[in-house]
Amino acid sequence: MSDHDELRNLLIDFFGLSSAVQNEELSQSSLPAWDSLAMVQLIGELQSTFGVEFDLDQIQALRSYSEIRECLSRKGVNLAG
Amino acid sequence: MNDTGSVAEGSAAGLSNSKARSKSSGPVHWWIRDFPARQREAISEAITTGSLAKVRRALRLIQELAVEQQGPPLTVELLSTYNLEPILPVLELGLKCLPTCPKVELAPLNDLEGHIVRSVPRRADEASARIVLWRIEEILPGVLFPLSSGFPEQLTAQVDEAISRAEGIVHLHQRHAPGTPLFLSTAPFPLHFANPVFAAQHSSGPLGAVERFNRHVRELAATHQSVYVLDVCAWAAALGKSYSDSLFDLMARQPLTPEGQMAFALFLARSLRPLIFPRRKVLAVDLDNTLWGGVVGEDGIAGLQLGHDFPGNVHLRIQRELLELRNRGALLVLLSKNNEADARLAFDSLPDMLLKWDDFAVRKVNWEHKHENLRAASRELGLGLDSFVFLDDSDYEREQMRQLIPEIQILNESGDALQILRALWETDAFDSLAISDEDRMRHRDYSVRAARDVQGHENDLQAFLESLEMEVAIEQVNPSNLERVATMLGKTNQFNLTTRRHSRAEVQQLASQPGSVALALRLRDKFGDQGIVAVLLAQSGQNGQASLTIDTFLVSCRALGRGVEDALWAALIARAREQKVQKLEAIYIPTPKNTIVAELYDRLGLRRVEGSSSGTRYVLEPVAPATWPAWISNKNGNE
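What counts and what doesn't
Residues numbered from 1 in each chain as written. Chains lettered and ligands numbered in written order. Predicted model: local features only at pLDDT ≥ 70, side-chain atom pairs only at ≥ 80, totals over all residues. Helix = DSSP H or I, 4+ residues; strand = E, 2+ residues; numbered from the N terminus. Buried ≥ 20, exposed ≤ 12 C-beta atoms within 10 Å, placed from the backbone. Contact = placed C-beta atoms within 7 Å. Nonpolar A, V, L, I, M, F, W, Y, C, P; charged D, E, K, R; others polar. Pairing = 2+ DSSP bridges. Right-handed = clockwise from strand over helix to strand, strands pointing away. Axes fitted to C-alpha atoms, helices over the stretch in contact; angles between N-to-C directions. Core = buried A, V, L, I, M, F, W, Y, C linked by C-beta atoms within 7 Å. Domains from an automatic or database assignment.

> Can you lay out the overall build of chain B for me, pointing to particular residues and giving the numbers?
The helix and strand tally for chain B stands at 26 helices and 19 strands. Expressed as a percentage of its 639 residues, the buried residues of chain B come to 43%. Put simply, of all contacts in chain B between residues at least 6 apart along the chain, 72% involve residues at least 24 apart.

> For the interface of chain A and chain B, give the residues involved together with the corresponding values.
At the interface, eleven residues of chain A touch 13 residues of chain B. Elements with a minimum of two residues in the side of chain A that touches chain B: α1 (6–15) and α2 (36–50) of chain A. Within the side of chain A that touches chain B, the residues separate by chemical class into four nonpolar, five polar and two charged.

> Tell me about the environment of B:Ala429, and name the residues and values.
Structurally, B:Ala429 can be placed in the loop between α20 (417–426) and α21 (437–445). Excluding its chain neighbours within four sequence positions, the residues that come into contact with B:Ala429 are B:Arg279, B:Arg280, B:Val389, B:Gln409 and B:Leu411.

> Lay out the pairing of strand β2 (residues 101–106) of chain B with the relevant residues and their values.
Residue and element names in this part refer to chain B. Two strands pair when backbone bridges link them, and strand β1 (residues 73–80) and β2 are joined in this way by six bridges, in the parallel orientation. Opposite valine 76, over in β2, you have valine 104 as the bridge partner. For the segment spanning β1, helix α6 (residues 88–96) and β2, crossover handedness is right-handed.

> A description of the sheet that holds strand β10 (residues 409–410) of chain B should follow, citing residues and the corresponding values.
All names here are of chain B. The strand order β8-β7-β6-β9-β10 describes an open sheet built from five strands, whose pairing is parallel. Sheet topology places β8 (360–366) and β10 at the edges, where each strand pairs with a single neighbour. With two bridges connecting them, strand β9 (residues 388–391) and β10 associate as parallel partners. The residue bridging phenylalanine 390 from the neighbouring strand is isoleucine 410, located in β10. Against the sheet, helix α18 (residues 370–381) makes contact with β6 (282–285), β7 (331–337), β8 and β9, and its axis sits at roughly 150 degrees relative to β8, the strand it touches most.

> So what's going on with the nonpolar core? Which residues, and what values?
Formed by 96 residues in total, the largest nonpolar core has its most connected members in B:Val333, B:Leu519 and B:Leu521. Per-element tally for this core: the top contributor is helix α25 (residues 564–578) of chain B, with nine residues. Both domain 2 (282–464) and domain 3 (468–634) of chain B contribute no fewer than three residues apiece to this core. Look past the residues within four positions of B:Leu519 in its chain and what remains in contact with it is B:Ile474, B:Gln476, B:Val477, B:Leu536, B:Leu568, B:Ala571 and B:Leu572. Core analysis: the next-biggest nonpolar cluster, separate from the first, contains 83 residues, A:Ile43, A:Leu72, B:Ala42 and B:Leu266 among them.

> Quick one: what's the story with unusual backbone geometry, residue by residue and with numbers?
All names here are of chain B. For the bond running from leucine 98 to proline 99, omega is 0 degrees, close enough to zero to count as cis. In this structure, proline 311 follows phenylalanine 310 across a cis peptide bond, with omega equal to 0 degrees. Here proline 311 is to be found in the loop between α15 (296–299) and α16 (312–328). Despite not being glycine, asparagine 110 shows a phi value in the positive range, around 60 degrees. For asparagine 110, a count of 16 C-beta atoms within 10 Å corresponds to the partly exposed category.

> Requested: an account of the pairing of strand β18 (residues 616–620) of chain B, with residues and values cited.
Residues and elements named next belong to chain B. Residues Thr616, Tyr618 and Leu620 line the buried face of β18, whereas the alternating positions Arg617 and Val619 sit on a face that is not buried. Relative to β18, strand β16 (residues 583–588) runs antiparallel, the two sharing five bridges. Among the inter-strand pairings, alanine 586 is bridged to a residue of β18, identified as tyrosine 618. Across three bridges, strand β17 (residues 607–609) lies against β18 in antiparallel orientation. Looking at the pairing, arginine 607 lines up with valine 619 of β18. Hairpin connection of β17 to β18: six residues between the antiparallel strands.

Listed below in C-alpha cells is the structure:
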C-alpha cells in the first residue's frame, strides 16, 4: 500500500472512505455505495483521470480495485503503488 | 497609445491570462468572491477537473461555513425525463456557487405530471423554482427512427401530442403551484441517430421535430406568467458533442460527460440567478481604446479607429452592445481621462460614432481619479456602488477600481478590444428573465443632478499606488533610447509642457551639449515592463552653466496619475544641484490638448514670472531639493 497509489486514492476520495481501508475492501460487493449509479460516475472519473476509454465488456469487469487495476494496466496505464 | 510595441505585448499577456482564468471559473469566480480562500480554491479545482471526489470535497468545505455566509435559501425541484440522480452533487455545487443554500428535490424519473399533481403549494416567501427537463429520446422516441414510425404523417401527429403535453404541464403547474416560477427546458438536438443527411431535409425528422417542439416551449413561456425557458438546446449546441456520451446514456440514461455535468450545473445556476440576485444597473465605461481605437488626445480625430473595417469594427460592435444594454434598461456612465472638448469633438465629428453624448446618464470627462468620479456618479444617480459594473482597457484603472471600490464588478480582464467585446457577450452582470417597459424607458428618467462633492480617498489611493510596485530607472538620453524618446516627442500631446516636436538629430544635439540634462524614465510595475514613459530635456542657459532651461517635459498618456513626473522632476533637481545650477527656468506653452499640465509647475513649487505671448514662464531660484515619491522605488539608488 502506498500514498502514491493514484487508483486507490481515487476510489477512497470517490466513495469518501477512510485512508486505512484495505485494497480488498474496495469492491462492489463490500461497498453498498458502489451501486449502478455510482458505477456510471466512477467510469467517467476513471476515463478522465487516466485518459482511457473502456469497451463494453471491460465495463462489466470493473467491480473492484484489483479488476480496475488490471484493466488499466492492460491499457498501458502506468500505476504507481 | 504612444507605445504600440508594449501595448501589443500587454494585450497578448492579458489574453492568455483571461483565457486561463475563464476556463477555470468563468462568472463563478465573481459569484463566490466572499467565500474564504480555502472554499474558493476547492470550488475552482472541482470546476476545472470535473472530478466527483473534488465536487464532494468542495461541498463539504462550503458546508463548514456559517449559514449566513452560504447564501440565501433556494428550493429547486427537478422534473426530468432523463436520469439526474448521479449528477445531483454537481448540480448542488453549481447552485451553492451562486451563492445559495439550495434544497434540491428530484422527482421520480419521467414522472412529470404525477409529481406536479402530488406536490403541495409552497409559501409565497420561499424562493423556489420548478424545472422541467426533457429530450426527444423520451418524449418523442419515434422521430429517431422516422421510417419505422410512420414518416411523415404519424410523426407529425406525435410531435403535436408532445406539444399538447407541454401545454398540459403548464396548466397543471399553474393550478397546483401558482407563484412558483416554472422553467421549461428546450430539447437538445439528438446526437445519436443515423442518417443526419436525410434528417436535415424534413420538418418531421429528428431535427425538425426538436425545432417545432422548442418553438412551442418558447411560446408557452411568452404567454404565461412566471413560465420561463431554460434553453438546454442552445447550451448543448454551444458545447457541442463534448457534453454528451452515449455510453453513460445507455448505461444509466444519464447523457452528460463529467465535463458536461459541471458545465450544465453552472448553466442551470446562471439561469436561476436572476430569481435571487438583482442585476447590476449601471455600466461605467471609458473612451479611448474602448469606444474607439486610439487615444483622442494623442492621435487626434483622424487617427482614431472606428468603422466597418477591422479593427475599427470591433469598437463599433462594442458601441452596439453598449447601446443595446442602455435600451434594455442599464444606465451608461462615461468615465474618461481626457479634455472634455476633445471627447465631445470625437462624439460630434466621428462619422461612425453610434453612441451619442446624451446616451450617457452621467459623464465625467476630466483628469480626476476614476474612482472619485465613479463615487460622484453613484451619488448623482442615487444608486449604490454595488449596482455598478466597470469597463476599462487600462490594467491600471481596473486594478485601482478593484482595490478602492471592491463592490464594483469589473467587466473585463484584459484591455484587448476583442476581449472587451467577448466580456460584453459573456457577462452575467445584466442578466434578467424579463425586460419591462420601465426598463426600456429608464435612461430617460435619470435627469442628473450636477452637484458633486468629491470626498477624499487619499489614504486608499496611496495604498493603491504602493500596491502597483512601481520601479523607475532614470536613463540618460543615449543612442539606445533615442528612437523611443524622439517618437514620444513627436506624439505626446496631453502631458507635454511645450509640445516641441524635435527631430532625432535635434534631440541628440541637445543631449550632447555641455551642461545639458537629458533624461528618460523607464517604468516597471506589477503588470510588467512599461518601457520609457517620460522624458525631460533641459539646456544650459545663455548665462553659462549656472542656469538650466527646461526644453521639454512630457509623460506618456499610459502613465498618467501615478507620480512618475514627480520622480523625473526629483531626478532633474538632483542633477541640477550636483552641477551647482543656481536657477531653473521653464515655460508652459498651452495647446488645445495639454490643459492637464497647465498648473504643473505651480504644484512643483516654481514661481510664475512675467508671461510671454507664447506661454507662462516660471523660475526656480535657488534650486531647492525635490521629494522623490515614496511609492516609487528608484533603481538608480536614492536620489
